[in-house]
Amino acid sequence: MPLIAPSILSADFARLADQVRAAEAAGADWIHVDVMDGCFVPNITMGFVVVEALRPVTRLPLDVHLMIVEPERYVERFVAAGADLVTVHVEATPHVHRTLQLIRSAGAKAGLAVNPATPLDWFEDVLGELDLALLMSVNPGFGGQRFIPRSLERLERLSALRERLNPEVRIEVDGGVGPANAAELVRRGADVLVAGSAVFGGGAVAENLRALRDAAQA
Ligand SMILES: O=C(CO)[C@H](O)[C@H](O)COP(=O)(O)O
Ligand SMILES: [Fe+2]
């Protein structure tokens, strides 16, 4: 059964705790937290204090997606703030292997993300150090973008790589995910679906989540 990780990037920040509680009550599996530094991506969002503030609000794992340069400088602080999973971008650090080890030794699960144009070969030598492989299906930086169709083929290749080298690794797809493509993503190997605008972009969170879950399980 695929996991669903609503991204709070599209939530109402004035009512963030309520939105997270609504997602948990509606059966979300993880809460996805998009951290952006205005340098790796052309947008600035949230940092440690938001993770810290959400920690007592929910029992769900906090899935922190770091879109920041040199994430090795900050991963331990995100774990201390309450992150259960910390994902860094392969394009953002020359020290991918060291950073993944740092995340695990700090006590969290380690994730590695790739942008839409980044070769999947990057995963090959680190799949043993990984808990989560995050495939970006939009260019990182903003919610509500259109899913890049080529991501489907990339997902299938990543899934084959995972089966061959480390079947324990979960594959997470992030960007433009909704009821229209959820089943196809699961069929091609996605274990975790991140959805921001499809969950928080309008209407009732519970209904949106149910629609996504139903589609993903179809
Ligand atoms: O990492 C992200 C953007 O960089 C977000 O997690 C992602 O875009 C979710 O938003 P949506 O589901 O609206 O595409
Ligand atoms: Fe994300």
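As the structure is a prediction and not an experimental result, all values here were calculated from the model. (Residues numbered from 1 in each chain as written. Chains lettered and ligands numbered in written order. Predicted model: local features only at pLDDT ≥ 70, side-chain atom pairs only at ≥ 80, totals over all residues. Heavy atoms only, no water.)

**Q** Can you lay out the nonpolar core for me, pointing to particular residues and giving the numbers?
**A** By size, the foremost hydrophobic cluster in this structure holds 64 residues, and its most contacted members are I8 and F123. Considering each element in turn, this core owes the most residues, five residues, to helix α8 (residues 205-217). Setting aside its immediate chain neighbours within four residues, I8 contacts F13, L16, V20, I31, H32, V33, M46, L54 and F200. One finds A5, W30, L85 and V194 within the second-largest nonpolar core, a separate group that totals seven residues. (Core = buried A, V, L, I, M, F, W, Y, C linked by side-chain atoms within 4.5 Å. Buried < 20%, exposed > 50% of the residue type's maximum accessible area, 1.4 Å probe, protein only. Helix = DSSP H or I, 4+ residues; strand = E, 2+ residues; numbered from the N terminus. Contact = heavy atoms within 4.5 Å.)

**Q** Please give an account of the pairing of strand β8 (residues 192-195) that cites residues and values.
**A** On β8, burial covers both faces: V192 and V194 on one face and L193 and A195 on the other are all buried. Sheet topology places strand β1 (residues 3-6) next to β8; four bridges connect them, and they run parallel. What sits directly across from I4, in β8, is L193. (Pairing = 2+ DSSP bridges.)

**Q** Residues and numbers for the sheet that holds β8, please.
**A** Across the sheet, which stays open at both edges, the eight strands sit in the order β1-β8-β7-β6-β5-β4-β3-β2 with parallel pairing between neighbours. Both edges of this open sheet fall to β1 and β2 (31-36), since each of them pairs with a single strand only. Pairs of neighbouring strands in the sheet enclose a mean axial angle of 25 degrees, with direction left out of account. Its contacts with the sheet put helix α4 (residues 96-106) on β4 (85-89) and β5 (109-114), and the angle it makes with β5 is roughly 145 degrees. Across the sheet, α8 is in contact with β1 and β8; its angle to β1 comes to roughly 150 degrees. (Axes fitted to C-alpha atoms, helices over the stretch in contact; angles between N-to-C directions.)

**Q** Mind laying out the coordination of the iron ion (ligand 2), listing which residues take part and the relevant values?
**A** Protein-derived coordination of the iron ion (ligand 2) comes from H32 (NE2), D34 (OD), H65 (ND1) and D174 (OD), at a distance range of 2.0 to 2.3 Å. For the iron ion (ligand 2), the six donor atoms in the first shell make angles of 71 to 173 degrees at the metal, a pattern classed as octahedral. All donor residues of the iron ion (ligand 2) come from one chain, and their arrangement in sequence is H-x1-D-x30-H-x108-D. One end of the pair, H32, is in strand β2; the other, D174, is in strand β7 (residues 170-174), with 142 residues separating them in the sequence. (Donors = N, O, S within 2.8 Å, 3.2 Å for Na, K, Ca; no water. Tetrahedral: all angles 85-135°; square planar, octahedral: opposite > 155°, others 65-115°.)

**Q** Help me get a handle on the site of ligand 1, residues and values and all.
**A** Inspection of the region around ligand 1 gives 19 residues, with D34, G144, D174, G196 and S197 positioned closest. With respect to ligand 1, the backbone of G141 contributes an N or O atom lying 2.9 Å from an oxygen atom. When the free accessible area of ligand 1 is taken as 370 Å², the share hidden by the protein chains comes to 100%. Elements that contribute at least two residues to the shell around ligand 1 include exactly β2, β3 (62-67) and β8. If you tally residues by element for the shell around ligand 1, the top one is β2, at three residues. Taken together, the residues that form the shell around ligand 1 break down as seven nonpolar, ten polar and two charged. (Near = heavy atom within 4 Å. Polar contact = N/O pair within 3.5 Å; in protein donor to acceptor, adjacent residues only side chain to side chain. Areas by Shrake-Rupley, 256 points an atom, 1.4 Å probe, with all protein chains shown as cover. Nonpolar A, V, L, I, M, F, W, Y, C, P; charged D, E, K, R; others polar.)

**Q** Tell me about unusual backbone geometry, and name the residues and values.
**A** You will see that E70, though not glycine, has its phi angle at about 45 degrees, which is positive. Examined against the element boundaries, E70 turns out to sit in the loop between β3 and α3 (75-81).

**Q** Explain the environment of G27 residue by residue, including any values.
**A** Along the chain, G27 turns up in the loop between α1 (16-25) and β2. Spatially, the C-alpha atoms of G27 and R213 are 9.1 Å apart, while their sequence positions differ by 186 residues. Look past the residues within four positions of G27 in its chain and what remains in contact with it is L209 and R213.

**Q** How would you summarise the UniProt feature "binding site: substrate" (unreviewed entry) in the protein chain if you had to cite specific residues and measurements?
**A** Here, UniProt's "binding site: substrate" (unreviewed entry) annotation points to S7, H65, G141, F142, G143, G144, D174, G175, G176, G196 and S197. When you line up the elements, G141 lands in the loop between β6 (132-136) and α5 (150-165). Excluding anything up to four places from it in sequence, G141 contacts M36, V41, N43 and M67. Relative to the elements of secondary structure, G196 occurs in the loop between β8 and α7 (197-200). (UniProt positions renumbered as here; feature names shortened; annotations may be inferred.)

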